[in-house]
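Below are the chains, spelled out letter by letter.
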Amino acid sequence: MENIIYLIPILPLFGFLICGIFGNKMPKKVVGIIANLAVWIPFFLSVYLFSTFTEPIKASLFDWFTVDHLHVSFSFQIDQLSLIMMMIVTGIGSLIHLYSIGYMHEDKGFYKFFSYLNLFIFSMLLLVMGSNFLILFIGWEGVGFCSYLLIGFWYTNKEYGYAARKAFVMNRIGDLGLLIGIFMLFYYFGSVEYTDIAAKANLFKLNDPILITATIFLFVGAMGKSAQIPLYTWLPDAMAGPTPVSALIHAATMVTAGIYMIIRSNAIYSLVPITLDFIMYIGLATSILAAFIGLRQNDIKKVLAYSTVSQLGLMFTALGAEAYTTALFHVITHAFFKALLFLGAGSVIHAMSGEQDMRYMGGLRKKIPVTYWTFLIGTLAICGIPPLAGMFSKDEILVALWTKNKVIWGLTLFSAALTCIYMFRLLFLTFFGEFKGTEEQKKHMHESPAIMTFPLIILAILTTIGGGLNLPHYLGEGISQKLAHWLQPIYVGLHIHEEPSFGIEMTLLAITLAVIALVAIVSYNKYVTRKIQAQIVENMSGWEKISAHAAYINEFYNEVIVNPVLNLGKFLKNIVDKYIINGIVEGTAKTVKGCGSVVRLIQNGNVEFYVFAMSLGIFILLLVAEFLSH
């Protein structure tokens with residue numbers, strides 16, 4: 001069993017090494033097969049572990065290091081939570097790898113792309129399989145590094161390189177917070193093992209200042225990796241990478257790391273309601289802001305990017321309400337429909353010969369029917385249309401928030417309504433109406449090859465049936481809450497919220513569905529019946545202009561943080577370095593050189609001068625000796 005556990009992360013690592021070292025000497029077909037096997041095999045192994053799981057396993061690969069009383073082993077913890085995450089990472093990752101063979105088949109960096117993808121999967125598996133915070137941190141840094149490589153994959157474009165650097169820097173800010181949080185846990189718990197920390201958590205009282213500080217710092221790390229205010233602006237810019245990268249980062253892997261970390265640390269987070277409230281408010285604000293920005297984006301991938309930020313905000317809102325299973329349920333359903341939407345967008349871009357602006361699309365549903373129908377399923381799922389998976393997970397979040405705080409529930413419903421608005425806008429502008437592209441694009445438009453549409457169909461099926469993983473409790477004890485029962489053993493000291501009555505749940509669901517239906521009707525009337533087109537940014541005004549400019553957050557950061565830092569760097573370079581540092585260094589050199597020139601005059605080769613100098617020296621020494629003797 002342990003050998004199987006070790007194989008799961010090792011195979012993607014081998015795939016990275018083989019494709020990275022020998023890929024340029026192998027045919028693209030062979031590279032694609034090796035890279036895909038390096039992820040598909042771990043997926044089937046993860047499914048096998050899931051099907052044979054009886055109790056948590058801790059598999060120690062080797063003793064890592066011992067410092068004083070801190071002993072850390074490089075070990076993996078296989079339990080209910082890690083198994084779910086392993087299947088998500090390898091399952092969605094496998095479909096994205098398969099899709100990438102078709103999407104990247106003409107790219108010169110084909111072998112490098114797949115080596116980076118394999119390294120990304122390896123790092124993500126380390127993150128979710130590790131038994132302690134240090135292994136999590138290695139995987140955490142690994143996915144950050146891989147995101148830099150993948151976002152900036154087309155590095156000849158300077159804008160893409162800038163986006164990669166932005167992602168790297170903003171993640172480093174969050175990572176510092178995570179590292180401080182880990183140091184605090186070690187200092188006060190004497191261990192970084194999840195099991196040790198969970199066992200000692202009850203030694204601290206409720207809202208202990210130490211735990212508040214540590215959990216806040218850990219959440220700062222989650223802010224960076226999972227794109228929450230104020231560290232979210234890197235994620236929309238990550239669209240610079242190839243579309244499979246967008247699906248990999250945005251769907252089920254990197255951006256969910258923060259949610260996983262908080263669920264894994266539930267033993268300490270459940271003791272700090274103050275931190276949980278902070279997480280809930282940050283998540284809600286992020287969800288509303290990102291949804292508002294998505295309303296007037298014209299780039300199809302940018303709309304989906306801000307959608308991801310908004311959905312992550314919903315997950316953190318659920319975490320803040322201590323609805324850990326609900327948050328993870330939405331992680332799973334979001335992995336299905338968001339991977340579907342991004343890969344569907346990639347299929348649209350492929351058909352449009354690289355065009356991403358929705359203003360030049362329209363009428364594509366007849367040209368690329370498989371992409372349209374699968375994209376439609378993804379859109380309906382993220383909006384919360386029954387019986388698709390997104391409806392069940394989003395409804396659970398709203399019910400949990402109703403129990404927690406009625407105002408928070410209302411604001412979350414408002415965010416869900418905004419989600420419906422921008423997603424129906426995207427759907428109608430892209431697939432309905434008249435085609436608005438060029439004749440050349442229209443001539444070459446075709447459905448994507450089977451190797452790209454097959455993952456779309458699989459993800460559409462998962463999006464359709466995925467809600468069955470955690471059906472509402474009112475459907476009966478035998479078929480409902482499967483995920484909640486499965487995850488129950490990983491929670492320590494979890495406060496169980498009282499479920500609202502059946503009548504209240506039905507009323508909340510009816511309100512949600514009424515809002516969705518209203519948005520769908522208004523959007524259809526606006527973009528299909530009345531054929532209103534997307535405006536260019538220059539023609540927008542009021543809230544539309546603010547939304548199109550991403551609420552001017554990037555401009556604000558540039559003025560308040562980026563430009564002052566750059567100006568400080570210029571000052572240090574042009575003034576401090578040039579005149580002060582260089583002045584001291586060059587002044588010292590000139591002084592030594594001048595003294596050397598004077599001393600060199602003494603060594604002139606004149607014997608008479610040497611005799612005179614020696615006599616003078618002896619005379620001075622005698623005077624000094626006579627002076628000292630008195």
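Criteria and cut-off values
- Residues numbered from 1 in each chain as written.
- Predicted model: local features only at pLDDT ≥ 70, side-chain atom pairs only at ≥ 80, totals over all residues.
- Heavy atoms only, no water.
- Helix = DSSP H or I, 4+ residues; strand = E, 2+ residues; numbered from the N terminus.
- Contact = heavy atoms within 4.5 Å.
- Areas by Shrake-Rupley, 256 points an atom, 1.4 Å probe, with all protein chains shown as cover.
- Lys, Arg positive; Asp, Glu negative; His and termini not counted.
- Charge placed at Lys NZ, Arg CZ, Asp CG, Glu CD.
- 1 Å grid on protein atoms, 1.4 Å probe; cavity = no way out; pocket = protein on both sides within 12 Å on 5 of 7 lines; lining within 4 Å.
- Points joined across faces, edges and corners; volume = space filled by probe spheres on them.
- Nonpolar A, V, L, I, M, F, W, Y, C, P; charged D, E, K, R; others polar.
- Expected span 1.5 Å × (residues − 1).
- Buried < 20%, exposed > 50% of the residue type's maximum accessible area, 1.4 Å probe, protein only.
- Polar contact = N/O pair within 3.5 Å; in protein donor to acceptor, adjacent residues only side chain to side chain.
- Axes fitted to C-alpha atoms, helices over the stretch in contact; angles between N-to-C directions.
- Parallel < 35°, antiparallel > 145°, perpendicular 65-115°, else oblique.
- Left-handed = near helix turned anticlockwise from the far one by under 90°.
- Salt bridge = Lys/Arg side-chain N within 4 Å of Asp/Glu carboxyl O.
- Phe/Tyr/Trp six-rings, centres within 6.5 Å; stacked < 30°, edge-to-face > 60°.

A word on the overall build of the protein chain
Okay, step 1: Within the protein chain one finds 25 helices and two strands.
Okay, step 2: The C-alpha extent of the protein chain, read off along each of the three principal axes, is 115 × 65 × 55 Å.
Okay, step 3: Taking the contacts inside the protein chain whose residues are at least 6 apart along the sequence as the reference set, 81% of them involve residues at least 24 apart.
Okay, step 4: With an accessible surface of roughly 27000 Å², the protein chain has 69% of that area assigned to carbon and sulfur atoms.
Okay, step 5: Between the mean site of the 40 positive side-chain charges and the mean site of the 37 negative ones, the protein chain shows a separation of 11 Å.

Some thoughts on the layout of surface pockets
Okay, step 1: If you add up the space inside the largest pocket, you get close to 1100 Å³.
Okay, step 2: Lining the largest pocket are 37 residues, with Tyr162, Lys166, Thr233, Asp237 and Asn554 positioned closest to its centre.
Okay, step 3: Those elements giving two or more residues to the lining of the largest pocket turn out to be α6 (158-189), α9 (234-237), α14 (300-320) and α24 (553-602).
Okay, step 4: Broken down by element, the lining of the largest pocket gets its largest block of residues, nine residues, from α6.
Okay, step 5: By residue class, the composition of the lining of the largest pocket is 20 nonpolar, seven polar and 10 charged.

Some thoughts on helix α3 (residues 80-103)
Okay, step 1: Taking 1.5 Å as the rise per residue, α3 with 24 residues should run 34 Å; its terminal C-alpha atoms sit 34 Å apart, in good agreement.
Okay, step 2: Among the 24 residues of α3, 23 are classified as buried, and the element is accordingly described as predominantly covered.
Okay, step 3: Between the side-chain oxygen at the start of α3 and the backbone nitrogen of Leu81 there is a gap of 3.3 Å, and the oxygen is on Asp79.

Quick notes on the packing of helix α16 (residues 369-383) against helix α20 (residues 450-465)
Okay, step 1: One can describe the packing of α16 onto α20 by two numbers: an axis separation of 9 Å at closest approach and a directional angle of 30°. Our classification of the angle between α16 and α20 gives roughly parallel. For the pair α16 and α20, the sense of crossing is left-handed. Mapping the contact onto sequence places Val370, Thr371, Thr374, Ile377 and Ala381 in α16 and Thr453, Leu456, Ile457, Ala460, Thr463 and Thr464 in α20.
Okay, step 2: Here the contact of α16 with α20 is composed, by residue class, of six nonpolar, five polar and no charged.

Some words on the pattern of salt bridges
Okay, step 1: Evaluation of the coordinates by the stated rule reveals 10 salt bridges.
Okay, step 2: Linking Glu141 and Arg172 is a salt bridge whose minimum nitrogen-to-oxygen distance equals 3.4 Å. Taken together, the positions of Glu141 in helix α5 (residues 133-151) and Arg172 in helix α6 put the pair 31 residues apart, joining distant regions of the chain.
Okay, step 3: By relative accessible area, which is 24% here, Glu141 ends up partly exposed.
Okay, step 4: Measuring nitrogen to oxygen at the nearest pair gives 2.4 Å for the salt bridge that ties Asp357 to Arg359.
Okay, step 5: Several salt bridges converge on common partners, so that one network encompasses Glu141, Arg172, Asp175 and Lys225.

Concerning the packing of aromatic side chains
Okay, step 1: Going through the model one piece at a time under the given rule, you end up with 33 aromatic pairs.
Okay, step 2: Residues Phe43 and Phe44 carry aromatic rings whose centres are separated by 5.4 Å and whose planes lie at 55° to one another, so their mutual orientation is tilted.
Okay, step 3: Centroid distance Phe428 to Tyr524: 5.5 Å. Interplanar angle 80°. Geometry classified as edge-to-face. Taken together, the residues span a long stretch of sequence, with Phe428 in helix α18 (residues 406-431) and Tyr524 in helix α22 (residues 502-529) at a distance of 96 residues.
Okay, step 4: On the accessibility criterion, Phe428 (6% relative accessible area) is buried.
Okay, step 5: By relative accessible area, which is 39% here, Tyr524 ends up partly exposed.
Okay, step 6: An aromatic cluster of at least three residues, connected via ring pairs, comprises Tyr372, Trp373, Phe375, Phe424, Phe428, Phe431, Phe432 and Tyr524.

Things to note about the environment of Thr412
Okay, step 1: As for its placement among the helices and strands, Thr412 is situated in helix α18.
Okay, step 2: Sequence separation between Thr412 and Ser287 is 125 residues; the distance between their C-alpha atoms is 8.0 Å.
Okay, step 3: Not counting the four nearest positions on each side in its chain, Thr412 is found in contact with Leu284, Leu314, Thr317, Leu398 and Leu401.

Some details on the side chain of His330
Okay, step 1: For His330, the position within the fold is in helix α15 (residues 324-351).
Okay, step 2: Residue classification places His330 among the buried positions, given a relative accessible area of 0%.
Okay, step 3: Here Ser393 takes part through its side chain, which lies 2.8 Å from a polar atom of the side chain of His330.

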